[in-house]
Amino acid sequence: MRNTTTQVKYLRDYESPTFHVDRTELHFDIGDGATVVTAELTLSRSQPGQPTTLTLDGDDLTLLDLAVDGASWADYDVGESGLVVHKLPDRCVLRTRVRIHPEQNTALEGLYRCEPYLVTQCEATGFRRITYYPDRPDVLSRFRVTIDADRARYPTLLSNGNCVASEELDDGRHRAVWDDPYPKPCYLFALVAGEFEELHGDYTTQSGRRVSLELYADKGQGKRLGFALESLIESMRWDEIHYGREYDLDRYLIVAAGAFNMGAMENKGLNIFNTSCLLADPDTATDTGYRVVRDVIAHEYFHNWTGNRITCRDWFQLSLKEGLTVFREQQFSETVNDPAVARVDQVRGLRAYQFPEDAGPMAHPVRPESYVEMNNFYTATVYEKGSEVIRMMRTLVGEDGFRKGMDVYFERHDGQAVTIEDFVAAIEAGSGADLSAFRIWYSQAGTPSVQMRDQWDAASGSYRLTVSQTLDPTRGQADKQPAPIPLSLCLFDQSGSRLTASPGTELLQSAEGVFVLDRPQADLIWTGLSERPVLSALRGFSAPVRLYFEQPDLDLALLMRSEDDAFARWEAGQRLLHAAFNDFLQGDDNRGRARITAFCEAVAATDPAEPIVGEWLDLPATVEFTDALGAVDVDAALVADRCVRTGVADGLVTQLLNWYDAIETVRPYRFDAEQAHRRRRAGACLKLLSLVDATGAVSRATELLASADNLTDRLAALAAINDLDHPQRAVLFQQFADAWSQEPLTMDKWFQLQAVSAVQGQPAGILELAGRADYDRGVPNRVRALFGSFGQRQFAGFHRLDGEGYRVLADEVLAMDARNPQVAARLVRPLTQVARILGERSERMRGELTRIAQQDNLSADVREIVSAAL
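Cut-offs used in this document
- Each chain has its residues counted from 1, following the order in which its sequence is written.
- Local features are withheld for residues below a pLDDT of 70 in this predicted model, meaning they are given only at 70 or higher, and side-chain atom pairs are given and counted only at 80 or more; totals for whole chains, interfaces and linings count all residues.
- Values shown for side chains rest on all heavy atoms present in the structure; no hydrogens or waters enter the calculation.
- Helix numbers and strand numbers start at the N terminus; a helix is a DSSP run of H or I with at least 4 residues, a strand a run of E with at least 2.
- The buried label goes to any residue with under 20% of its type's maximum accessible area, the exposed label to any with over 50%, and the partly exposed label to all in between, with areas taken from a 1.4 Å probe on protein chains only.
- Contacts are assigned to residue pairs that have any heavy atoms within 4.5 Å of one another.
- In this description, accessible areas are obtained by the Shrake-Rupley approach with a 1.4 Å probe, and a residue is regarded as covered only by the protein chains that are shown.
- Note: two strands are recorded as paired if DSSP finds a minimum of 2 bridges between them.
- Angles shown run from 0 to 180 degrees and are taken between the N-to-C directions of axes, each axis being a line fitted to C-alpha atoms and, for helices, limited to the stretch in contact.
- With respect to orientation, any angle under 35 degrees is reported as roughly parallel, any angle over 145 as roughly antiparallel, any angle of 65 to 115 as roughly perpendicular, and every other angle as oblique.
- By the definition used in this description, the sense in which the near helix is turned from the far one sets the handedness, with an anticlockwise turn below a right angle giving left-handed and a clockwise turn giving right-handed.
- Throughout this entry, Asp, Glu, Lys and Arg are counted as charged residues, while Ala, Val, Leu, Ile, Met, Phe, Trp, Tyr, Cys and Pro are counted as nonpolar. The remaining residues, Gly among them, count as polar.

**A short note on the overall build of the protein chain**
- Within the protein chain, the secondary structure is distributed over 26 helices and 32 strands.
- Per-residue burial over the protein chain gives 59% buried out of 870 residues.
- Of all intrachain contacts in the protein chain linking residues separated by at least 6 positions in sequence, the fraction that spans at least 24 positions is 71%.
- For the protein chain, the accessible surface area stands at approximately 32,100 Å², while carbon and sulfur atoms represent 47% of it.

Structural data, given as structure tokens:
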């Protein structure tokens, strides 16, 4: 049944479960058009004297019968949200039998058909679509699962744990029995039935146990599983080395699903992945795609301990497993990828998605206090900001203290459902640190602003830095308190050499050069200096804050050339570009051009083989330039954005030509850091050259598309001409579509590029793409590629003055809400920036939000977001 209720759930209302489920036995009888699920729950009342009534969650189930201890039981009520069973004894076995229809399940929650097979997705509340159950993460049970199905149609039957039995049945059917020895909440349940291509491997753990590794994909896709298997082995080894955690079952299974709402799901022993996060070869995955596969494989594997063996008590604690596991994934990424590029990518993602979230109507703390629909809180705040909070915690207690705290966490809480307080207490116990003040990062919404002012006194040789912090009010949180903010600082002399002097200050120094701003304002004073120093602030992005610090252009250019912290080096370039954008926005073109010149000179002086060059040349998107603006004049922003891009292209045109022509093509394609940096630099050069030499860019793009042996270079060719109103653009895009029309992952990238194009990415062009036969609302990847990209990244087309961009997105939100509310709730978010957009556009955007809100039968997922925006 569709969830349209807007009842608010509060953290403060948490109550422990009335009954424990000691054992769960499930039997799936999979038929044509319907599946019958029999569930036997071994129940024990948690505390004497509690009510005997048991409430089980259920959604869109047909109850066939119910029994208690083998006898028919009539004392129950079935409602819209589940089943209420009365007068149960303290201990009993409750048996229910229900009918479900996976083929009709378009929400992709619970058990559903992902042609040509069946898969599940149960987090956060999908298990209630499978059977009646206490669908909450603090009910941990041991599962035994029996699956019966037609052998010809479903030759492979998978579930959690270890396969303990299999047999042939009558009428061409067969059975598999799976047993998971580890207790888990029902959101970690998984089932897969179908016919697959398989790739097998094995891994021997540090204690000498052999684990069978089995990866499954649709027919014809098995050849794209090899990199995932390599990444899985790499992840297992890394977790043993860095955290002392080894795998605990005999088998580790991963299945690729083409229709999947999320990126991947860490179900115990049986991960289910979006195909985009598992399959990789040179024709279907870019360099970035390969990195995504490796990182997501690691993320889901690391969940085995931080999420599965230890899970969260309630969904308000979601960051307990997700923020922590993202941090572990990021550590892994910094180990196996170039650490500098990895950190830049992490911060780019945080600023692109989490900072706007903190500034919008759905701003919420890392641990929310309330929600209507839990699916709306699988957010960048819970995941990425949650990771940054843990990174700061590690900074405060040190690497050794953090590892000891993690060991305490694993020892104390294995097999439990716990809270963020439990985690922080374990880190305190292991490190000996007092983190009581730090807990505020979990409860306050919003991105702190850190202001810096400096003063140089040549007569005394002293340099004073005044730092302060503020945090704007957010929904439901008018009064904010100072948070402990680790600030990594370093001084350089005018020749670019590091200075070793330490400042005088009242602030705690947690590590070399790291000072904790734990109050509204403080001073740091360096003395005995012979010349005005150059300050590098927030090195390594030591805290998730917005930094406001007016520094001379020459200082930032010096940091671009001399900083040995790669993030700070990249950030100096970003600050010059953003300052130039603001200059153009305010009409100070001369100042803007001067900053662009400083940026270009610093880039030109750098060895192009350094990875940082490709990062600098990949200029911020328009939405990134406008993110820090309280109010956005769309037309002025588009002019300023164009000035920055053409300014950089003009200023570096000689270098861009030389660098592009000098890049050595390596065949065949190889995914490694060096080659990926070369391809990234080449693509960025080609894209910028299109701004100053359209004819030459078309010629180079045509040549590259014809000669490329990998998707990264092919997409670079298309991206270079994507914004050019040139006949060859349509020709090359059609050639690509003709060649790769049978490869969904590759065509998703094609739709994505079209959606952000200045030529095709207008409302009429988006509707034209949506009318193609290969646009399928049943595949979330395709919907996100087209409409998600349009709303989030096509600034000009989405914000058309006539409001057509808003209308087109709103129409798709409503169409998707009728079949898949989770995806619809993701699509609607660009419309929620209504308060930031100036002029007539704001009213037109508000009108579309109002139109959505007035729809009958609107899902709770979408209604919660739209209501907050209005």
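From this point, the discussion proceeds with the structure in view.
**Things to note about the sheet that holds strand S8 (residues 82–85)**
- As summarised here, the arrangement of the three strands in space is S4-S8-S7, forming an open sheet in which the pairing is antiparallel. One side of each edge strand has no neighbouring strand; the edge strands of this open sheet are strand S4 (54–57) and strand S7 (76–79). Shown here is a sheet whose adjacent strand axes are inclined to one another by a mean of 15°, direction ignored.
- As paired elements, S4 and S8 share four bridges and run antiparallel to each other. Within S8, the position partnered with Thr 55 by the bridge is Val 84.

**Re the pairing of strand S3 (residues 35–45)**
- With eight of eleven residues buried, S3 is to be regarded as a mostly interior element.
- As defined by bridge partners, strand S2 (residues 19–30) adjoins S3 across eleven bridges and the pair is classed as antiparallel. Across the sheet, residue Leu 26 finds its bridge partner in S3, namely Ala 39.
- In this antiparallel pair of consecutive strands, S2 and S3, the connection spans four residues, and Gly 33 shows a positive phi of 90°.

**So, the packing of helix H4 (residues 339–359) against helix H9 (residues 566–585)**
- It is the contact of H4 with H9, at a shortest axis distance of 9 Å, that shows an interaxial angle of 50°. Classified by the interaxial angle, the pair formed by H4 and H9 is oblique. Relative to H9, the crossing made by H4 is right-handed. When H4 is examined against H9, the residues Ala 340, Arg 343, Val 344, Val 347, Arg 348 and Arg 351 are found in contact with a partner set consisting of Ala 566, Phe 567, Trp 570 and Glu 571.
- The class makeup of the residues in the contact of H4 with H9 is six nonpolar, no polar and four charged.

**Re the environment of Pro 17**
- When you line up the elements, Pro 17 lands in the loop between strand S1 (9–10) and S2.
- C-alpha separation for the pair Pro 17 and Thr 55, spaced 38 residues apart in sequence, amounts to 9.8 Å.
- Look past the residues within four positions of Pro 17 in its chain and what remains in contact with it is Ser 46, Gln 50, Arg 136, Asp 138 and Val 139.

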